[in-house]
Amino acid sequence: MEKTNIKNAVDRYSLLLKNIQKVIKGKEQMIKMLLGAFFCGGHVLLEDVPGTGKTTLAKTLAKSIGTNFKRIQFTPDLLPSDIIGVSIYNHQDNNFVFHPGPVFTSILLADEINRASPRTQSALLEAMGEKQVSVEGEKKMLNNLFFVIATENPIESHGTYPLPESQMDRFMIKLSPGYLERDEEVLVISEQLIGHPLNSTSRVLGEEEIFQVMDTIQTVRISEELRYYIVDIIRTTRNSEHVTVGASVRASLALMKISQALALFDGREFVIPEDIQEAAGPVIGHRLQIIPQAKFSGITPQIVMEKVLSEIKIPT
Amino acid sequence: MSKHLYKLYKHTQRCKEWVASRFTNMGRLFLFILGIAFLFGINVQRTMIYQILSIASVLLIISFVCSYRFRIKVKIERNLPKTCIAGRELRYNVQIENLGKKTHSAIYYREQSSKILPSFLEYSSFTEDGEEQRNLFDRKMGYYRWLSLIHINNTFQCIDQELPDLAAGKKIESTISLLPLKRGTIHLEGSTLSLVDPFGLCKRQVLCQSPANVLVLPKLYSVPKLYFPGSRKYHQGGITAAQNHGDSSEFISLREYTHGDPIKYIDWKATARVGKPIVKQHKDEYFSRYGLILDSYVARSYSQIFEEAVSVAASIMMNQDNSEAVLDLFFVGRKCITCSVGRGLTDQQRMLEILASVTTSQNRKFKEMTALVKHHSSLLSGVVLILIDLDEDRKELVDYLIAHKIPCKLIIMVDSNGKFTGKTDTLNVDFSFTEININRMEEDITLL
Amino acid sequence: MKVPPLITGAALLFWGNETNALFIATILALFIEGSHLVKTRYTLKRSDFINISDLTSLAFMASVALILLNYEPIGFLRITTSWLPLTLSPLIICQLYSTSDKIVIGTRLGKQQNNESLKPLDFRPYYLTVCLFAAATGNSRSLWFYPVLSVLLIWLLFQNRGRSYSLLSFFLLIGISLGLGYGSILGIEETQRIIIKKTHGFWRNYYRTKNSDPFKSHIHFGETGRLKTSDEIIMRVEAPSTPPHLFKEASYSLFTNKSWIGQNNDFTLLPAVTETTWDLIVPPHKPGTAISVEYDLPKEKGLLPYPKGGYRLKSNTIFNIEKNSDGIVKVIDGTPVISYDLFYHPEMQLTTDLPGPRNLEIPESEKYALQEVINQLGVSTLADHQKIDAITHFFQKNFSYSLHLVGKESYATPLGNFLLHKKSGFCEYYATATTLLLRLYGIPSRYAVGYAVTEKSWLEKKYVVRKRHAHAWSEAFIAGHWQVVDTTPSNWVEEDQELSSFFTKPMDIFYFIRHQYRLYQVGSGVDNTLIYSIVIIVLTFILFFRIYRRMKIEQASSAKERINFRSFDKIVSPFTPIMDAIMQSKEHQRDNESFVEWILRLDIFPNLNSCEFEELYRLHLQMRYDPRGLDDHQLTQLRQGSEKYLTIIEHAPSIHSSQASKR
């Protein structure tokens with residue numbers, strides 16, 4: 001019984017992956033991690049230069065699973081009501097009608113999240129965390145399937161409001177895709193001679209199937225030894241000399257879930273250390289607060305994570 | 001200063017450098033053993049030190065002979081970051097490709113700075129920090145001055161680090177660690193590869209030319225958050241780069257909707273009450289602008305107190321997390337630099353880079369600074385002053401600020417004596433200030 | 001610099017063995033090497049390190065004082081060095097048991113001044129050096145010193161060797177070095193022997209020995225140079241009026257080979273009359289004058305200088321004396337400074353002091369010169385005392401005083417050169433010449449050495465005798481008693497004095513103080529050194545505790561949260577040996593490479609069925625990481641498959657060589 005579940009899940013994942021890859025060339029690792037977070041019910045933060053296909057990716061994903069997709073472009077004068085929605089007074093009926101904001105969707109692309117004021121940011125972040133919003137005292141639930149891809153532009157930092165470190169935890173993983181390989185870039189422009197592949201994307205999975213995959217992920221087994229391994233990694237980050245505050249328990253949970261997802265994608269019912277190591281960087285990196293002295297000495301979260309991983313003995 | 005003394009010191013320094021380049025640490029220990037054994041072991045009957053002497057000298061001689069030849073052909077590529085912080089280890093990757101046919105193992109890598117020994121002019125015109133306190137003999141001999149000058153020119157410390165095996169024709173990557181000692185620029189002349197003889201006493205170095213520069217930002221301390229006193233004043237304009245096009249989110253009042261107002265500003269509750277569309281009026285964004293004054297008026301080109309003052313300025317600046325107050329006016333040298341520190345990382349980097357290159361205003365008077373601050377005083381909501389001394393001129397500035405009701409936080413850097421002009425009771429000092437002793441930086445700075 | 005573990009302990013034991021302090025060395029070695037076993041560490045701040053340096057320097061100074069007190073000053077440097085491992089041990093112990101691996105050495109000498117510029121350093125290599133030097137100063141002269149020293153140095157070098165070279169070349173060079181080292185040691189020893197031999201004569205020509213040998217007195221003849229004189233005060237005489245001019249120490253009768261040889265009279269123990277009184281001449285005594293003498297006798301034994309006619313000796317710093325028939329007195333057991341009262345009367349004489357046939361012997365080689373002088377004098381017919389006067393007059397008129405050595409030059413003997421040509425010299429020559437001349441006249445004579453007491457001290461109310469007042473003269477046996485014949489020009493004292501150095505007066509003060517101290521040391525009877533030593537130790541401990549209380553050393557608890565990794569039993573699957581063998585290969589798995597792709601790349605297994613292998617690998621992973629593990633069927637499958645591949649690996653050539661052959 002379980003075996004079939006696993007097999008189904010793997011098939012569905014491959015299907016989705018292939019579908020996306022028809023549109024997005026290269027970046028397999030990134031898409032794999034993104035789908036991992038997607039199937040775990042977490043959210044993704046992409047740090048990337050403009051024009052690398054983030055919107056396309058989100059749209060493709062939405063189309064592949066046939067759900068609705070909304071995009072918010074964050075600007076400094078964006079108000080929380082622009083995200084959540086607003087109750088507009090209807091004169092005729094003498095009542096307030098709630099017009100839901102873009103957050104009431106399944107797949108949300110929050111573009112350049114670091115350009116909006118902290119108040120606006122927190123409106124979205126709270127929605128992500130609670131899966132509900134409160135409008136004028138009333139609680140409104142968001143969609144069951146709610147997946148946010150937020151993007152940050154690393155270069156332009158004039159007049160930006162960096163996401164508060166405490167809120168970074170809301171994102172399960174952070175990815176920095178980067179530019180394409182030469183061959184891949186050629187492929188992209190060659191394909192678009194014919195027509196944008198996005199237009200020909202079709203739906204391959206339904207919401208139900210997605211929830212089934214999510215359930216299957218939760219059944220992936222992980223031995224106690226590896227659970228200790230995960231927690232050891234997280235605890236070591238707290239001891240690093242370059243870090244003021246290390247990763248929290250949320251990070252341990254996230255790392256475990258993503259490892260399970262990665263194990264599943266590989267067709268296994270159990271997690272192996274390589275899954276954990278693959279997931280560690282994207283899951284933990286953005287949760288670490290690097291001290292300013294280290295920042296200016298060129299210490300990045302990646303370097304810290306590499307060091308942490310090399311310090312801990314891998315169960316072999 | 002006597003030219004002969006200079007020549008003597010220069011030769012001594014060259015000898016020291018030669019010894020350091022040909023002998024490892026263990027080798028230098030053996031040289032020391034050799035010297036002591038020679039001095040005390042001459043009487044063969046009294047002690048057996050002559051045996052130590054003979055075996056140590058044989059080992060050293062053989063070692064020296066063995067380390068004579070070392071040829072290597074490599075291509076070195078460094079991935080240096082543009083900036084680093086003084087006092088913090090910098091780690092970066094180096095890729096080395098062995099272009100020769102021979103496999104080398106246990107080669108040591110070190111960075112070579114392009115410094116040269118001071119010229120006679122530099123030596124004679126240099127005054128050491130605290131030179132007046134040395135006795136007459138020391139001053140005449142000028143040896144401490146020489147040592148101090150050498151010490152200042154020493155911008156970084158890089159010890160020999162072992163590389164993995166360099167197979168012929170292959171490339172390897174290694175992480176190198178370097179410790180920048182003071183702010184400024186590190187000029188690297190190239191990389192030194194050395195081979196150690198079988199005994200580990202002598203080594204032979206080969207310099208591979210590859211110049212590079214790294215900017216060293218000032219050393220940072222952990223400063224508690226400064227709470228700027230003073231009221232919010234309404235200032236037009238705010239940050240130039242805020243890109244806050246449009247209105248801020250601060251609400252002042254309601255008014256009736258006029259044609260052209262954006263829909264999103266309609267306050268629906270008020271509209272429901274009144275019956276006509278009512279719009280929320282927003283206030284123009286405003287900030288309190290705070291200034292940081294860095295006193296660079298020292299007579300010498302290098303001063304320890306000034307270096308620490310720069311570090312204090314940098315540390316304060318780095319700790320600004322305040323989205324209300326903006327520390328964006330920076331008075332240094334003859335200029336008032338505006339920047340929007342407090343938002344975004346790039347600006348912090350830029351400020352640190354400016355601070356890294358700040359030099360002392362040797363021959364100018366503090367009155368310049370007073371004039372500059374007076375000129376900008378209308379913009380200031382408050383000021384942090386970092387002074388290296390408190391004399392008449394400086395007191396004048398502080399008095400001016402107080403008279404104009406500009407709240408100021410005064411920090412005075414003192415050296416190990418704990419003295420500065422203002423302490424000698426000739427000035428009426430009736431404002432409070434914080435003293436930071438440069439020998440107790442970490443402790444004193446937390447008292448801010 | 002890496003210091004290998006246990007080498008410090010070994011060096012300490014070596015030191016203990018060489019200096020006979022093995023017990024202390026063992027304790028120290030246990031302490032130091034114990035730091036590897038005992039895991040407790042203490043957090044020491046910078047100020048604590050400086051306090052410890054203060055303690056160490058205090059201990060060092062105390063030890064120096066103790067050593068100076070109890071041992072001769074000459075050996076003090078040696079002894080201090082040989083105890084350095086003990087005195088410096090606090091520093092190394094505190095480095096090993098502190099949480100930091102370096103220490104800061106800087107003494108404030110009790111002051112509060114802050115020494116920020118001191119850099120921390122690893123004390124171990126320096127401590128090791130100190131141990132080796134201390135072992136060397138032990139001077140055991142054992143043949144094991146060189147081998148053990150070599151082993152220790154090789155051990156140290158091995159840890160730090162240059163790894164670019166093979167082990168073979170290292171040991172080869174070590175072998176060569178040891179051989180050369182041994183050779184150079186022999187060379188140094190030999191060179192020193194040669195140098196000592198060559199300079200032995202050189203030095204001996206220049207200094208008059210202070211404590212004369214009763215059997216031999218060497219005459220300083222030489223081609224070049226001058227006799228060196230020293231102003232050091234060695235004797236003080238207190239007399240009611242002018243003391244006698246000459247104090248005799250010894251006399252000799254045979255001149256041969258540039259030396260005067262004494263008579264082989266047996267010295268016999270002179271019994272004391274009372275505990276502190278000896279009679280040099282058997283009573284009855286004519287009532288004479290008493291003088292007090294203080295004389296330096298560093299070896300606590302030597303010849304006793306006293307004037308002619310001395311008959312009674314009183315002293316409580318002399319314990320045993322011997323006397324021979326000529327009246328030469330030898331102190332066998334005394335104190336480093338002896339003070340004695342001497343009673344003398346010019347007419348008292350020792351009845352046993354008579355000339356023998358030796359007192360008339362003239363060496364053949366000198367006869368030519370002596371005859372020449374006799375001919376010049378031409379007083380063979382006169383009475384003895386007239387002959388003496390003639391000789392005295394002869395020397396006074398024709399000869400002068402100088403400290404220049406006389407060699408033989410164109411004459412057969414130096415004495416001939418002196419008598420016939422140079423006619424200038426110092427007391428030894430005059431005395432020798434006079435004695436031999438007297439013998440040629442048939443008068444029994446002998447050569448005497450002693451001191452001239454002429455100088456009155458400007459500092460104290462005594463006559464002082466310096467080293468340069470050592471004098472030689474002749475004695476002639478006329479009319480039944482020995483008579484002094486001193487032909488050295490009488491202004492010799494003044495002449496010598498002119499050559500005295502500028503520092504005489506200040507040095508006199510120093511000698512005076514030293515003398516008083518020595519008298520005090522001797523006079524107090526009780527061995528004070530023990531008391532002083534105890535006082536110093538107690539003071540040291542008091543200061544020690546004062547500084548110790550200032551230090552508040554905390555035992556280091558793990559400050560930062562230590563990750564205690566919980567260990568799990570490693571699950572070993574049948575596939576694990578294959579994994580281990582694969583992991584040994586030099587080619588590492590690339591980033592985006594799957595396991596099977598990597599294996600294919602490594603090409604360990606020819607004709608690999610990748611599906612089957614992958615299946616096997618999956619089973620291995622499942623066994624290792626899946627909490628559920630494998631069922632029986634899967635386990636058998638894994639086992640069989642692993643065995644198959646294991647045999648392939650074992651029989652195939654090694655992975656490394658397969659790599660090499662590929663290239």
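This text follows the structure it describes.
Residues numbered from 1 in each chain as written. Chains lettered and ligands numbered in written order. Predicted model: local features only at pLDDT ≥ 70, side-chain atom pairs only at ≥ 80, totals over all residues. Heavy atoms only, no water.

### Considering the overall build of chain A
Here comes step 1: Of the regular secondary structure elements, chain A holds 12 helices and 11 strands.
Here comes step 2: Burial analysis of chain A (316 residues in total) assigns 55% to the buried set.
Here comes step 3: Excluding contacts between residues fewer than 6 apart, the proportion of contacts in chain A whose partners are at least 24 apart in sequence is 77%.
Here comes step 4: Entry remark: accessible area of chain A is about 13,800 Å², with carbon and sulfur atoms responsible for 51%. (Helix = DSSP H or I, 4+ residues; strand = E, 2+ residues; numbered from the N terminus. Buried < 20%, exposed > 50% of the residue type's maximum accessible area, 1.4 Å probe, protein only. Contact = heavy atoms within 4.5 Å. Areas by Shrake-Rupley, 256 points an atom, 1.4 Å probe, with all protein chains shown as cover.)

### Some details on the nonpolar core
Here comes step 1: Ranked by size, the top nonpolar core spans 98 residues in total, and within it L35(A), F39(A), I258(A) and I284(A) carry the most contacts.
Here comes step 2: Sorting elements by how many residues they give to this core places helix 9 (residues 249-265) of chain A first, with 9 residues.
Here comes step 3: Each of domain 1 (25-188) and domain 2 (220-316) of chain A gives at least three residues to this core.
Here comes step 4: Setting aside residues no more than four positions away along its own chain, F39(A) makes contact with Y13(A), L16(A), I210(A), V213(A), M214(A), I217(A) and F265(A).
Here comes step 5: With 67 residues, the next largest nonpolar core counts L34(B), V44(B), F145(C) and L156(C) among its residues. (Core = buried A, V, L, I, M, F, W, Y, C linked by side-chain atoms within 4.5 Å. Domains from an automatic or database assignment.)

### Re a nonpolar patch on the surface
All names here are of chain B.
Here comes step 1: Together, F137, M141, Y143, Y144 and L147 line one region of the surface with nonpolar side chains, adding up to about 450 Å² of accessible area.
Here comes step 2: Looking at the nonpolar patch, the elements with two or more residues in it are helix 5 (136-141) and helix 6 (143-153).
Here comes step 3: Ranked by residue count, the leading element in the nonpolar patch is helix 6, at 3 residues.
Here comes step 4: Inspection of the secondary structure assignment puts Y144 in helix 6.
Here comes step 5: By relative accessible area, which is 33% here, Y144 ends up partly exposed. (Patch = residues over 30% accessible without salt bridge, like charges linked within 9 Å, V, L, I, M, F, W, Y side chains within 5 Å. Salt bridge = Lys/Arg side-chain N within 4 Å of Asp/Glu carboxyl O.)

### What about the sheet that holds strand 14 (residues 329-334) of chain C?
Residue and element names in this part refer to chain C.
Here comes step 1: Here 4 strands make up an open sheet; going across it, the order is 7-13-14-10 and the pairing antiparallel. Edge positions in the sheet fall to strand 7 (268-270) and strand 10 (302-303), since each of these pairs with one other strand and no more.
Here comes step 2: Sheet topology places strand 13 (residues 318-323) next to strand 14; 5 bridges connect them, and they run antiparallel. Counterpart to I321 in the pairing with strand 14 is V331. (Pairing = 2+ DSSP bridges.)

### With respect to the packing of helix 9 (residues 367-377) of chain C against helix 10 (residues 384-398) of chain C
All names here are of chain C.
Here comes step 1: Axis separation between helix 9 and helix 10 bottoms out at 11 Å; the angle between their running directions is 100°. Our classification of the angle between helix 9 and helix 10 gives roughly perpendicular. For the pair formed by helix 9 and helix 10, the contact residues are V373, Q376 and L377 on the first element and A390, I391 and F394 on the second.
Here comes step 2: Looking at the contact of helix 9 with helix 10, its residues break down into 5 nonpolar, 1 polar and no charged. (Axes fitted to C-alpha atoms, helices over the stretch in contact; angles between N-to-C directions. Parallel < 35°, antiparallel > 145°, perpendicular 65-115°, else oblique. Nonpolar A, V, L, I, M, F, W, Y, C, P; charged D, E, K, R; others polar.)

### Quick word on the interface of chain B and chain C
Here comes step 1: Facing 38 residues of chain B, the contacting portion of chain C comprises 44 residues.
Here comes step 2: Buried surface at the junction of chain B and chain C, both sides included, amounts to about 3,700 Å², of which 72% is carbon and sulfur.
Here comes step 3: The three residues of chain B that bury the most area against chain C are M48(B), P198(B) and F199(B), which together make up 18% of that side's buried surface.
Here comes step 4: In this structure, the connection of chain B to chain C is made through 0 salt bridges.
Here comes step 5: If you look at where chain B meets chain C, you find 6 residue pairs in polar contact (both at pLDDT 80 or more).
Here comes step 6: Of all the elements, helix 3 (residues 49-66) of chain B adds the most residues to the side of chain B that touches chain C, at 10 residues.
Here comes step 7: Looking at the side of chain B that touches chain C residue by residue, the classes come out as 25 nonpolar, 9 polar and 4 charged. (Buried area = accessible area lost by both parts, 1.4 Å probe. Polar contact = N/O pair within 3.5 Å; in protein donor to acceptor, adjacent residues only side chain to side chain.)

### Here we look at the pattern of salt bridges
Here comes step 1: Under the definition given, this model contains 46 salt bridges over all chains.
Here comes step 2: Across the pair R221(A) and D626(C) runs a salt bridge, and its minimum N-O distance is 2.5 Å. Here R221(A) is found in the loop between helix 7 (207-219) and helix 8 (224-239), whereas its partner D626(C) is found in the loop between helix 18 (610-625) and helix 19 (632-651) on a different chain. Each member of the pair, R221(A) together with D626(C), is buried.

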